[in-house]
Amino acid sequence: MNPVADCIGKVYLAVMKSNNSKKDSFTARREVPGHRKTDDLKFTRVQELVYELKVSDAMMQKVITTSPETSMSELREILRANRISGTPVIENGRLVGIVSIEDFIKWLAEGAHDCPIKDKMTKNVKTMYTDEPLIHAVSKLEQTGFGRFPVVDRQSKRLVGIITKGHIIERLLQKLEIDYHEEEIHRYRASHIFEDIIADKVALTFRSYLKGRDFDRAGEASSGLKKTLERLGIHPQIVRRAAIASYEAEMNVIIYAESGEISVEVQPGEIHIDVTDSGPGIPDVQKAMQPGYSTAADWVRELGFGAGMGLVNIQKCADDMELTSNPGKGTHLKIRIDIRTTQPQTKAG
Amino acid sequence: MTLNEISKILQADFAGDVKDLDKEIKMACGSDLMSDVLSFIKADSLLLTGLANPQVVRTAEMAGIAGICFVRGKQPQPETVKLAEEKKIPLLATELSMHESCGRLYREGLPGCDEIK
């Protein structure tokens, strides 16, 4: 089957499904945490979207209109040239009717005697407001069987757009495509790599080297770590925690030490981040762990750091953290983050 | 609230090429202390700050911040703009003070990070 047609079919089916399901059950389902089958996820996302998006998000703003005096023979050319199936009829800026390809076919069947549009148009026009949720448009199109609704602004009552099933599907597909790209990355889970390698113990290790006082590059190592973990398909919340912990540690090395390195080991169930430096060391580790304790110079504070929160932050993000330091020799920070649960196991004091 | 609405409320201009007018911002946080930002900001927030160095963008990247607004007339350094473009993080700059910027957004209904569960 044609993949595009299949996709449109699925989206529309999902829209209809959401149309028939009650809003309550939809909200409840949306809050269920954890993983779902891909199909389930997609359908739920479409259901979310039709509630989230407004008519104005999906409508076509450029509306081709006709006047009541336009002839039916001219209409044929207007529909053909613009590849549309109907147009609102406007007189003195006011919406007075709507004429569609069905009216045109009926006119042809009746002998095609040329006459103005006003004789054949539908006069009692049903419209939609820009601020209505998209689900209203889906329901109305389904209930009435109409192909299109002119969209008017609630305040000015002026015609601002037109909406059809086609526009709705187009907009949903656009939104889903964005979601799909994100999901595609998630699907390639870290566990796949580990499952494919046959050994007693499998781990992926990568290392970045840091240079003290190199503020132009400060954060690059953690940026790389973040990207790598994302590509491995690790849960975004865990990636965020690892990135923040690593970034704070990286800043510490760059601020206080001559050089250092960040070594990351990803195992099937956990991430280990080891940060070592050849800096001055920390004379009193316990004191350094107190929120707000800092020995940072003013220039460090000007960068937005050095407020004595770095280690506290790292602890908050980590499941386990171990800080050892030899004054005059260097500091070694070990961070462990569990991949299986998104919330840290140990809470900062 | 969209980034476009925020730019109007704060009379702010976009700095750099990333102009996601329709980007939805759910909450905001104002701070010049990057460690504080890393500690309590939630993903998809707007960060208001008086710091204009590249570390602000790095912080935004790590914490998944949706956009940054520089307050009290601070213009981001060229390296800051370059990094933000690379990381696709939109930047705004306003003449308003931190206090007034936060106040205006709060009045228009944009909550703080600790109010969102």
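Residues numbered from 1 in each chain as written. Chains lettered and ligands numbered in written order. Predicted model: local features only at pLDDT ≥ 70, side-chain atom pairs only at ≥ 80, totals over all residues.

**Focus: the overall build of chain B**
Part 1 of the argument: The secondary structure content of chain B amounts to five helices and five strands.
Part 2 of the argument: Here chain B holds 117 residues, and 49% of them are scored as buried. (Helix = DSSP H or I, 4+ residues; strand = E, 2+ residues; numbered from the N terminus. Buried ≥ 20, exposed ≤ 12 C-beta atoms within 10 Å, placed from the backbone.)

**Here's the deal with the interface of chain B and chain A**
Part 1 of the argument: Taken together, the contact between chain B and chain A spans 17 residues of the former and 18 residues of the latter.
Part 2 of the argument: Of all elements in the fold, only helix H2 (34-40) and helix H3 (54-63) of chain B reach the threshold of two or more residues within the side of chain B that touches chain A.
Part 3 of the argument: Counting residues per element, the side of chain B that touches chain A draws most heavily on H3 of chain B, which supplies six residues. (Contact = placed C-beta atoms within 7 Å.)

**Topic: helix H7 (residues 134-144) of chain A**
Residue and element names in this part refer to chain A.
Part 1 of the argument: Looking at H7, one finds that the buried residues are Leu134, Ile135, Ala137, Val138 and Leu141. Take H7 and look down its axis: the buried residues cluster within an arc of 160 degrees, on one side only. Exposed and facing more than 90 degrees away from the buried side of H7 are Gln143 and Thr144. (Arc of directions from axis to C-beta.)

**Quick word on the nonpolar core**
Part 1 of the argument: Ala242 and Ala245 of chain A together with Leu47, Ile68 and Cys69 of chain B are the most contacted members of the largest nonpolar core, which totals 78 residues.
Part 2 of the argument: Sequence-distant contacts of Cys69 of chain B, defined by excluding residues within four places in its chain, comprise Leu10, Ala12, Leu46, Leu48, Leu92, Thr94 and Ser101 of chain B.
Part 3 of the argument: Val50, Met59, Ile162 and Ile168 of chain A belong to the second largest nonpolar core, which has 18 residues in total. (Core = buried A, V, L, I, M, F, W, Y, C linked by C-beta atoms within 7 Å.)

**A few points about the sheet that holds strand S5 (residues 159-164) of chain A**
Residues and elements named next belong to chain A.
Part 1 of the argument: Across the sheet, which stays open at both edges, the three strands sit in the order S3-S4-S5 with mixed pairing between neighbours. In this open sheet, the two strands that pair with only one neighbour each are strand S3 (128-129) and S5.
Part 2 of the argument: Of the pairings in the sheet, the one linking strand S4 (residues 148-152) to S5 comprises five bridges and is antiparallel in character. Its bridge partner being in S5, Pro150 is matched across the sheet by Ile162. (Pairing = 2+ DSSP bridges.)

**Here's the deal with the environment of Glu258 of chain A**
All names here are of chain A.
Part 1 of the argument: Note that Glu258 resides in the loop between helix H11 (236-256) and strand S7 (259-266).
Part 2 of the argument: Here the alpha-carbon distance between Glu258 and Gly330, two residues 72 residues apart in the chain, equals 9.8 Å.
Part 3 of the argument: Ignoring any residue separated from it by four or fewer positions in sequence, one finds Glu258 in contact with Gly212, Ser278 and Gly279.

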